[in-house]
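One letter stands for each residue in the lines below.
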Amino acid sequence: MNDRSPWRKRWSFAAIFTLALVLTIAFSFSTYTYQQTLAQNPTSYPRNQALYVTASDGTKIALDVWLPQDLSVGSTIPTLIRSTPYYRAMELVDKSKQNDPNATEIDPYYLNPGYTDYFNNAGYAVVLVDVRGTGASFGKFVPNPSTSKNEIQDYNAVVNWIVAQPWSNQKVGAFGTSAEGSTAEFLTVTNNPAVKAIAPRSMDFDFYAQQYFPGGVLVEKKAKEVADAGKPRIGVCSLPENEQEPTCQEFFKLGFKGPKPVDEDKDKQLLRSALQERANSIDFFQAFQKITYRDDKIDGLDGTVEDFSIYKFKEDIERSDVAIYHGASWFDGGTAEGVLNHFMAYKNPQKAILGPWTHGAYGNANPFVPSDTPVNPSREEQLADMVNFFDAYLKDDNNKPKLKREIKYYTMGEEKWKTTTVWPPRGVTRQRLFFAENNGLTNKPPASKSGEDKYTVSFEATTGPDSRWNQSFEKMVFPNRTEEDKKLLTYTSEPLKNDVEITGHPVVTLYATSTASDGAFFVYLEDVDENGNVTYITEGQLRPIHRKVSTEHPPYAVFGPYHSFKRQDSLPFEAGQLTELQFHLLPTSVLFKQGHQIRVAIAGHDKDLFARYPAVGTPEISLQRNAVSASYIDLPVMRGRRS
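What counts as what
- Residues numbered from 1 in each chain as written.
- Predicted model: local features only at pLDDT ≥ 70, side-chain atom pairs only at ≥ 80, totals over all residues.
- Heavy atoms only, no water.
- Helix = DSSP H or I, 4+ residues; strand = E, 2+ residues; numbered from the N terminus.
- Buried < 20%, exposed > 50% of the residue type's maximum accessible area, 1.4 Å probe, protein only.
- Contact = heavy atoms within 4.5 Å.
- Disulfide = S-S within 2.5 Å.
- Pairing = 2+ DSSP bridges.
- Axes fitted to C-alpha atoms, helices over the stretch in contact; angles between N-to-C directions.
- Phe/Tyr/Trp six-rings, centres within 6.5 Å; stacked < 30°, edge-to-face > 60°.
- Lys NZ or Arg CZ within 6 Å of the ring centre and 35° of its normal.
- Salt bridge = Lys/Arg side-chain N within 4 Å of Asp/Glu carboxyl O.

Structural notes on the overall build of the protein chain
Consideration 1: Counting secondary structure elements, the protein chain contains 14 helices and 25 strands.
Consideration 2: Counting over 643 residues, the protein chain shows a buried share of 65%.
Consideration 3: The contacts of the protein chain with a sequence gap of at least 6 include a subset with a gap of at least 24, amounting to 78%.

Right, dumping it as structure tokens:
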């Protein structure tokens, strides 16, 4: 799969944040445009129109309306919304393709046909929206819902506009990947009765703990990309005075000129004005560097990271009773955990599918099969499944079955799909493995009152630039970690006598001291085969100041020790002081085969992705593994597959 658009990868991260920030866009718009066209062509509706609609605060929002080819007057169909900060559509260098949704859509690299064409052919109208401050829309990012109380109701206005159209059957759904998945979920907050079903993919449920600060550790690379995405770089290439800029010339080679203007904007003066409005956006990278706790205010904004998270709107989402079909990957940031948090905490009709994919399930990321193995299920099968889901809730006179509440998950190594109605699945029990001398991992607790291992943190250690927290659409690469593990402190079991299936959230308990008063602990679960090849499975991390296990009721279902990450729960991390750290790793489902070994690897940094703690100095960590302070990992083992 060719990476033809490196700028697109940048936006995927920024969008995850900015879309949750934007939440909704209000549309106050009449049916005049369609009435005017119908007067010229009384037998069918236009296939596509690019329009500005005016939000409740006067901001102009750009959208594309795509209807099925030759939709006859008098026919009514359901509508699917995709609101995006990735550009709803592109202006093309080749003008002859401008009316082809497969050419103007951002995603044809990953899927052909594109979403719009596919859903049109399945009998749906598709409304694509540039969220404010992106694409051809006016305005700036409005990151905090509390300072823009009309935004949720603005989405309500979008739906009301749709159901007022003569082609609408009064039923609306939404779909999207990443940031677009979050906008789809925020649509349910309106509680508009026309909204019946949504299909979010690879979206983030908790922006602090599962996106930007997992374990309280800043994903620095992502913060930088958010800051870059807030700058109107590619958009300015659409303007004639910038066409000769080297960056724009390179961009044009991809076939794109920039965000698609609306139909009325022939001289691009409206687009020019929209770009000028967002010229001085907030520097999110600098703002994120000042954040330590979940409840810290974002510099320059009246809000915190958690204000943008979907879990804050649980009551509204449940009240909507909208059907939700989630999808996420075991290897895609914290998205799989977010889906499980959502599934176990929300009463809505829900189905979830979890597999070993890239971001958005566009490609395979399963490290146990060849890298060129096609994604499973295929993109065509994924789309057909989504259509069946939407048909059941949005089509008139449709007899397709509605959702059966379940989680469908893939066990790697076994290469098998399974289903469960609860998480962890029934049959899972905890198996405790202790860190032992000679870098061993055993089910026997330590007998000696002494025993420790010293580790000097390597700030060259990394999971690689194309791993979990990069959240790439094109590829996620987990190379053999044999050499990388030489930079880490590792504990490895004896070869397994039987297959062992691990499905759920591993939980690690560490007793450690450090020569520094700050730090980060990264713990990796790995598979070691008979030839010594090391395969990454999952990971967890914790900054020690966040180690307090909170007794408060968590805001959603959790699957391990609950850390609030709030300032009031912060604990000092004192150099030389023995400290207990307990935290969970991200969920997985994997079969460790007979003859393989289970490995736990511990690091103090991931250089390609995370911020460094401490900022200067090289700490030495002492990890205790004795009868007084035993460090260990609890593995969720499926009963019947236990060694």
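As for the state of the cysteines
Consideration 1: Applying the stated criterion to the full structure yields one disulfide.
Consideration 2: Each disulfide pairs two cysteine sulfurs, and for Cys-237 the partner residue is Cys-248, the sulfurs being separated by 2.1 Å. What sets the handedness of the Cys-237 and Cys-248 disulfide is the S-S torsion sign, and at about -85° it is left-handed. Here Cys-237 is found in the loop between helix 8 (220-229) and helix 9 (246-252), whereas its partner Cys-248 is found in helix 9, with 11 residues between them in sequence.
Consideration 3: Take Cys-237: its relative accessible area is 0%, and that puts it in the buried class.
Consideration 4: Judged by relative accessible area, Cys-248 falls into the buried class, the value being 3%.

Some words on the sheet that holds strand 1 (residues 48-54)
Consideration 1: Strand order in this open sheet of 10 strands is 1-2-5-3-6-7-9-10-11-12, and the pairing throughout is mixed. With one partner strand each, in any of the chains shown, strand 1 and strand 12 (416-420) form the two edges of the open sheet. Each neighbouring strand pair of the sheet contributes to a mean axis angle of 20°, computed without reference to strand direction.
Consideration 2: With six bridges connecting them, strand 6 (residues 168-177) and strand 7 (residues 195-201) associate as parallel partners. Following the sheet pairing, Ala-174 is matched in strand 7 by Ile-198.
Consideration 3: The sheet contacts of helix 6 (residues 179-187) involve strand 3 (77-84), strand 6, strand 7 and strand 9 (323-329), and relative to strand 6 the element is tilted by about 145°.
Consideration 4: Across the sheet, helix 13 (residues 335-345) lies against strand 9, strand 10 (350-355) and strand 11 (406-411), angled at about 150° from strand 9, the strand it touches most.

Looking at the packing of aromatic side chains
Consideration 1: Taken as a whole and assessed by the stated rule, the structure comprises 36 aromatic pairs.
Consideration 2: Each ring, one from Tyr-115 and one from Phe-119, has its centre 6.1 Å from the other, and the planes form 20°; the classification is stacked. Residue Tyr-115 and its partner Phe-119 are located together in helix 4 (residues 115-121), separated by four residues, close to a single helical turn.
Consideration 3: In this structure Tyr-115 comes out as buried when scored by relative accessible area, which is 4%.
Consideration 4: Their ring planes at 40° and their centres at 6.4 Å tell us that Phe-331 and Tyr-536 sit as a pair that is tilted. Of this pair, Phe-331 sits in the loop between strand 9 and helix 13 while Tyr-536 sits in strand 20 (residues 534-542); the two residues are 205 residues apart in sequence, bridging distant segments of the chain.
Consideration 5: The class of Phe-331 is buried, set by a relative accessible area of 0%.
Consideration 6: Relative accessible area serves as the criterion here: at 1%, Tyr-536 is assigned to the buried category.
Consideration 7: An aromatic cluster is built from Tyr-115, Tyr-118, Phe-119, Tyr-124, Phe-175, Tyr-325, Phe-389, Phe-390 and Tyr-393, whose rings are joined through pairwise contacts.
Consideration 8: When the ring centre of Tyr-346 is taken as reference, the NZ or CZ atom of Lys-314 above it lies at 5.6 Å.

Details of unusual backbone geometry
Consideration 1: Here the amide bond leading from Trp-423 into Pro-424 is cis, since omega sits at 0°, within 30 degrees of zero.
Consideration 2: Relative to the elements of secondary structure, Pro-424 occurs in the loop between strand 12 and strand 13 (428-436).
Consideration 3: With omega at -5°, the peptide bond leading from Tyr-613 into Pro-614 counts as cis.
Consideration 4: Inspection of the secondary structure assignment puts Pro-614 in the loop between strand 23 (597-603) and strand 24 (620-624).

Some words on helix 13
Consideration 1: Of all the 11 residues making up helix 13, 10 are buried; the element is thus mostly covered by neighbouring parts of the structure.
Consideration 2: Along helix 13, the positions that sit buried rather than exposed are Thr-335, Ala-336, Glu-337, Gly-338, Val-339, Leu-340, Asn-341, His-342, Phe-343 and Ala-345.

Description of the environment of Leu-340
Consideration 1: Along the chain, the position of Leu-340 falls in helix 13.
Consideration 2: Excluding residues that lie within four positions of it along the chain, Leu-340 makes contacts with Leu-354, Ile-407, Trp-423, His-505, Phe-559 and Pro-587.

Digging into the side chain of Thr-492
Consideration 1: Structurally, Thr-492 can be placed in strand 16 (residues 489-492).
Consideration 2: For Thr-492, a relative accessible area of 14% corresponds to the buried category.

Focus: the pattern of salt bridges
Consideration 1: In total, this model carries 33 salt bridges according to the counting rule given.
Consideration 2: With a closest N to O distance of 2.3 Å, Arg-272 and Glu-241 form a salt bridge. Of the two residues, Arg-272 is situated in helix 10 (residues 269-277) and Glu-241 in the loop between helix 8 and helix 9; the sequence distance between them amounts to 31 residues.
Consideration 3: The buried category is assigned to Arg-272, whose relative accessible area is 17%.
Consideration 4: Here Arg-481 and Glu-526 are joined by a salt bridge, their closest N and O atoms 2.7 Å apart.

Overview of the pairing of strand 2 (residues 60-66)
Consideration 1: Counted residue by residue, strand 2 has six buried out of seven residues, so it is predominantly covered.
Consideration 2: Here strand 1 folds back onto strand 2, and the loop between the two strands holds five residues, one of which, Gly-58, carries a positive phi near 95°.
Consideration 3: Across four bridges, the pairing between strand 2 and strand 5 (residues 125-130) is antiparallel. Paired with Val-65 across the bridge in strand 5 is Val-127.

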